[in-house]
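What the coordinates show
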Amino acid sequence: MLKLLFVLPPLLFLALLTQEPAAPAASTAPAAQTAPAEPAAPADQAAPASAAVPQNNPVKPTAESQAHAKNTYSIDCAMCHGENGNGKGDLVGDMKLSLKDLRDPDTLKDMSDGELYTLIHDGKGKMPAEGDRAKPDDVWNLVILVRSFAKK
Ligand code: HEC
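Reading the values: rules and limits
Residues numbered from 1 in each chain as written. Predicted model: local features only at pLDDT ≥ 70, side-chain atom pairs only at ≥ 80, totals over all residues. Heavy atoms only, no water. Donors = N, O, S within 2.8 Å, 3.2 Å for Na, K, Ca; no water. Tetrahedral: all angles 85-135°; square planar, octahedral: opposite > 155°, others 65-115°. Helix = DSSP H or I, 4+ residues; strand = E, 2+ residues; numbered from the N terminus. Buried < 20%, exposed > 50% of the residue type's maximum accessible area, 1.4 Å probe, protein only. Salt bridge = Lys/Arg side-chain N within 4 Å of Asp/Glu carboxyl O. Polar contact = N/O pair within 3.5 Å; in protein donor to acceptor, adjacent residues only side chain to side chain. Contact = heavy atoms within 4.5 Å.

Observations concerning the coordination of the iron atom of the ligand
Every protein donor of the iron atom of the ligand is accounted for by His81 (NE2) and Met127 (SD), and the metal-donor separations fall at 1.9 to 2.2 Å. One can describe the donor arrangement at the iron atom of the ligand as octahedral, given that its 6 donor atoms subtend angles of 85 to 178° at the metal. Linking His81 in helix H4 (residues 78–81) with Met127 in the loop between helix H6 (113–122) and helix H7 (136–148), this pair joins segments that are 46 residues apart in sequence. For Met127, a relative accessible area of 26% corresponds to the partly exposed category.

This is the structure we're talking about:
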């Protein structure tokens, strides 16, 4: 047991030493960049999407990110909104929902990307919140996917 007393302090010292170089580097980095802070995903936490959600989609979709969104949609959304967005998913009857047809370009035309983000993240009425099941980028990809139903 006594031995520990001799081993621990040098270990702690070492640990501190190895951390030191990282600290100054981290503190100078933000000062060097004059660019305004990115809208750093405030929705990371379980809290509702904050008012700081950008109105325009900051995400550039890739084939991969859209495939991922499609997969999420199939699991989390299609049971209500329908696989193709027609608003006739399996739960519609049981839950007595009447959903708009997402394939109709008029359905989402008055909603901004930011509004759609908040709707998907926070849920609304009988629509459950996607919340932390999806990362902010994934929610933005869902916004793109949902809009794409009207383009086919
Ligand atoms: C339990 C059924 C249900 C699920 C699951 C669900 N929604 Fe909804 N969704 C609704 C309802 C009900 C509304 C209408 C909400 C309102 O305006 O009160 C809605 C509204 C919407 C709207 C706005 C257009 C409209 O029809 O009013 C979009 C876009 C949307 N949902 C996307 C999604 C996405 C994306 C998912 C999956 C992440 C999802 N929803 C999951 C039930 C659901």
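Description of the pattern of salt bridges
Counted by the stated rule, this structure contains 6 salt bridges. Put simply, Asp113 and Arg147 hold a salt bridge, and the shortest N to O gap is 2.8 Å. Residue Asp113 is located in helix H6, and its partner Arg147 is located in helix H7; the two are separated by 34 residues in the primary sequence. Overall, the relative accessible area of 16% leaves Asp113 in the buried class. It is possible to trace a salt-bridge network through shared partners that takes in Asp76, Glu130 and Arg133.

What to know about the side chain of Thr107
Mapping Thr107 onto the fold places it in the loop between helix H5 (91–94) and H6. Exposure remark for Thr107: the relative accessible area of 19% places this residue in the buried category. At 2.5 Å, the side chain of Thr107 and the backbone oxygen of Asp101 are in polar contact. Residues in contact with Thr107, not counting those within four places in the same chain, are Lys100, Asp101 and Leu102.

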